[in-house]
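Okay, here's what each chain looks like letter by letter:
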Amino acid sequence: MEMPFPSIKLLAYRERWAALETETNPFALVVMAYLQAQATRKNNQDRLRWKIDLVRALYAKEYTCEQIYELLRFIHWVLVLPKVLEQQFEPAVREFQEEKMKYLPEFLQDAMDDGIEIGELKMPAKCSQMSLRCDSQA
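On a predicted model such as this, the values are computed, not experimentally measured, just so you know.

## Observations regarding the nonpolar core
Then comes step 1: Counting 29 residues, the largest nonpolar core has Leu20, Val55, Leu58, Ile75 and Phe89 as the members making the most contacts within it.
Then comes step 2: Secondary structure elements with two or more residues in this core: helix H1 (17–22), helix H2 (26–39), helix H3 (44–60), helix H4 (65–78) and helix H5 (83–100).
Then comes step 3: Here this core gets eight residues from one element, more than from any other, and that element is H2.
Then comes step 4: Phe89 has contacts with Leu48, Lys51, Ile52, Val55 and Leu81, leaving out every residue within four places of it along the chain.

Laid out in structure tokens, this is it:
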């Protein structure tokens, strides 16, 4: 049995960055996170900046609570920071969340610190268990 499927090279999307920024499809943010993970492999300060920028972009979109949660997990997974920079990331995220964002996702690091298997949490329980306040739930 043969199953042909198209393939793409994600690195080619670097040239389409502006289009990715305006795209509402959540996969655009996945591609952006991947591209920045590749570009910042050796520069943790740039990685911190891009992680903050991508989370800001995530909140600017009209995604559901579940989409935001899953995209945050992905961004956190591909843009890993040293502990000291992760400690800078958290207050930066909280600061702009307090201004206008949908919920307070400090749950990612807290859950990991507590040893919770994030991938096993279910919706909508994960929103309430992790103190998420989505617009539709507030």
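There's more to say after this.
## Details of H4
Then comes step 1: Across its 14 residues, H4 extends 20 Å between first and last C-alpha, which sits within 8% of the 20 Å expected from 1.5 Å per residue.
Then comes step 2: Listed in full, the buried residues belonging to H4 are Cys65, Ile68, Tyr69, Leu71, Leu72, Ile75, His76 and Val78.

## Focus: the confidence of the model for the protein
Then comes step 1: On average, residues of the protein score 78 in pLDDT, and 70% of them reach the 70 mark or higher.
Then comes step 2: Mean pLDDT per element in the protein: helix H7 (residues 125–129) is the minimum at 45, and H2 is the maximum at 96.

## Examining the packing of H2 against H4
Then comes step 1: Running from N to C, H2 and H4 cross one another at 10°; their axes reach a closest spacing of 9 Å. One element, H2, and the other, H4, form an angle in the roughly parallel class. Residue-level contacts link Pro26, Leu29, Val30, Ala33 and Ala37 of H2 to Gln67, Leu71, Phe74, Ile75 and Val78 of H4.
Then comes step 2: Partitioning the contact of H2 with H4 into residue classes produces nine nonpolar, one polar and no charged.

## Side note on the side chain of Lys51
Then comes step 1: Within the secondary structure, Lys51 is located in helix H3.
Then comes step 2: For Lys51, a relative accessible area of 1% translates into the label buried.
Then comes step 3: At 3.2 Å, the side chain of Lys51 and the backbone oxygen of Leu79 are in polar contact.
Then comes step 4: Look past the residues within four positions of Lys51 in its chain and what remains in contact with it is Ile75, His76, Leu79, Leu81, Glu86 and Phe89.

## So, the packing of H3 against H4
Then comes step 1: The N-to-C vectors of H3 and H4 enclose an angle of 170°; their axes lie 11 Å apart at closest approach. Classified by the interaxial angle, the pair formed by H3 and H4 is roughly antiparallel. Along the contact surface, H3 presents Arg47, Lys51, Leu54, Val55, Leu58 and Tyr59, while H4 presents Ile68, Leu71, Leu72, Ile75, His76 and Val78.
Then comes step 2: Partitioned by chemical class, the residues of the contact of H3 with H4 number nine nonpolar, one polar and two charged.

## Some thoughts on the pattern of salt bridges
Then comes step 1: This structure, assessed with the given rule, holds three salt bridges.
Then comes step 2: Asp53 is the salt-bridge partner of Arg49, the closest N and O atoms lying 3.6 Å from each other. Of this pair, Arg49 and Asp53 both sit in helix H3, four residues apart, which is roughly one turn of the helix.
Then comes step 3: Note that Lys51 is salt-bridged to Glu86, the shortest N-O span being 3.1 Å. Remark: Glu86 occurs in helix H5 and Lys51 occurs in helix H3; sequence separation between them is 35 residues. As far as burial versus exposure is concerned, Lys51 and Glu86 are alike and both buried.

About the criteria used
- Residues numbered from 1 in each chain as written.
- Predicted model: local features only at pLDDT ≥ 70, side-chain atom pairs only at ≥ 80, totals over all residues.
- Heavy atoms only, no water.
- Core = buried A, V, L, I, M, F, W, Y, C linked by side-chain atoms within 4.5 Å.
- Buried < 20%, exposed > 50% of the residue type's maximum accessible area, 1.4 Å probe, protein only.
- Helix = DSSP H or I, 4+ residues; strand = E, 2+ residues; numbered from the N terminus.
- Contact = heavy atoms within 4.5 Å.
- Expected span 1.5 Å × (residues − 1).
- pLDDT = per-residue confidence, 0-100.
- Axes fitted to C-alpha atoms, helices over the stretch in contact; angles between N-to-C directions.
- Parallel < 35°, antiparallel > 145°, perpendicular 65-115°, else oblique.
- Nonpolar A, V, L, I, M, F, W, Y, C, P; charged D, E, K, R; others polar.
- Polar contact = N/O pair within 3.5 Å; in protein donor to acceptor, adjacent residues only side chain to side chain.
- Salt bridge = Lys/Arg side-chain N within 4 Å of Asp/Glu carboxyl O.

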